[in-house]
Amino acid sequence: MKQDKDLVFLATCQNEDLRTLCDFLIYNKKGELRMSEQLSNSDAFLRHYPERMNLMATELSEELRKYGSNTIKTLYHHGEADSYETIVRRVCRKMDVDVSDGDSVPMMERQLMTEVCEQFTSQLSDDELHQIADEAGIAHKNLKRQALVYALMTTVRHNAMLLTRIVYYVITRLAEILLGRGITMIGLGTVGRYIGVATGPIGWALLAGWTISDIASPAYRVMIPAVMMIATMRIRQTALLTQKI
């Protein structure tokens, strides 16, 4: 299988992030291996999981593309699997995210996660909104709730680090729901301390307006969190690179 240009960056991502992506691909909510997964039997998995995940980045990429092609379409491609770009566009449309044929993968991923953040942010309490606004440097004393949410989302669309912090908080809650564990948010500031919903059950409805039971195809239960995880890693990496420049 040809290497996908949009997934090459996985080899430079943090180990914990890659492990979470891998777990989304191979384990179901009960912690059992998925019947359709092929990654856990690979030499790379047996050698490198869970502590040297960057050394199996290529295998992660291939598993995601094969799973996204075979299971969603219910066809087995003996040749080249669908590109990651095709899978991202399919996921965005499944989640009613407005994307165009000419949009790049980073553009689609960012739009996807921005809309997820908007759904997430709209569910926060007034105190939580005010605290995140303080973190973002938004004057909110005279803003009503709807205006504050709008102001936050406007800032998120132009502030990569704030988007990264909220996105990472969302994805760690997602990992807790699907994998029974969170992920480490290294160097992501104080947003996590501000969001009190961490102590309560967060369903898919809060994250993106739908629940796991709403997704008829098992493949989307894998592809949606997998794409969200990859989008999170790319957004974070881009934000950190920009910050260093």
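In the block above lies the structure referred to throughout.
My aim in this report is to walk through the structure given alongside it, one point at a time. (Residues numbered from 1 in each chain as written. Predicted model: local features only at pLDDT ≥ 70, side-chain atom pairs only at ≥ 80, totals over all residues. Heavy atoms only, no water.)

**A short note on the packing of aromatic side chains**
Given two aromatic rings, their pairing is described by the distance between the two centres and the angle made by the two planes. Considering all chains together, one arrives at one aromatic pair under this definition. Ring geometry for Phe45 versus Tyr49: centroids 4.6 Å apart, planes at 20 degrees, classification stacked. Under the relative-accessibility criterion, Phe45 is labelled buried at 11%. Lys94 extends its terminal NZ or CZ atom over the ring of Tyr220, reaching a point 5.1 Å from the ring centre. (Phe/Tyr/Trp six-rings, centres within 6.5 Å; stacked < 30°, edge-to-face > 60°. Buried < 20%, exposed > 50% of the residue type's maximum accessible area, 1.4 Å probe, protein only. Lys NZ or Arg CZ within 6 Å of the ring centre and 35° of its normal.)

**Digging into helix α6 (residues 126-136)**
Of the positions making up α6, those classed as buried are Glu128, Leu129, Ile132 and Ala133. Seen along its axis, α6 keeps its buried residues to an arc of 135 degrees; they face one direction. Exposed and oriented more than 90 degrees from the buried face of α6 are Asp127 and Asp134. Taken from the residues just after α6, Gly137 is the one with a positive phi, measuring 75 degrees. (Helix = DSSP H or I, 4+ residues; strand = E, 2+ residues; numbered from the N terminus. Arc of directions from axis to C-beta.)

**Let's talk about the pattern of salt bridges**
Counted under the stated rule, the structure contains nine salt bridges. Arg19 is the salt-bridge partner of Asp23, the closest N and O atoms lying 3.5 Å from each other. Linking Asp23 with Arg19, this pair stays in helix α1 (residues 15-26), spanning four residues, or about one helical turn. Looking at Asp23, the relative accessible area reads 3%, which means it is buried. Residue Arg19 is classed as partly exposed on the basis of its relative accessible area, which comes to 26%. We note a salt bridge from Arg93 to Asp101, for which the minimum N-O separation is 2.8 Å. Since its relative accessible area comes to 44%, Arg93 is described here as partly exposed. Note on Asp101: relative accessible area 60%, which makes it exposed. (Salt bridge = Lys/Arg side-chain N within 4 Å of Asp/Glu carboxyl O.)

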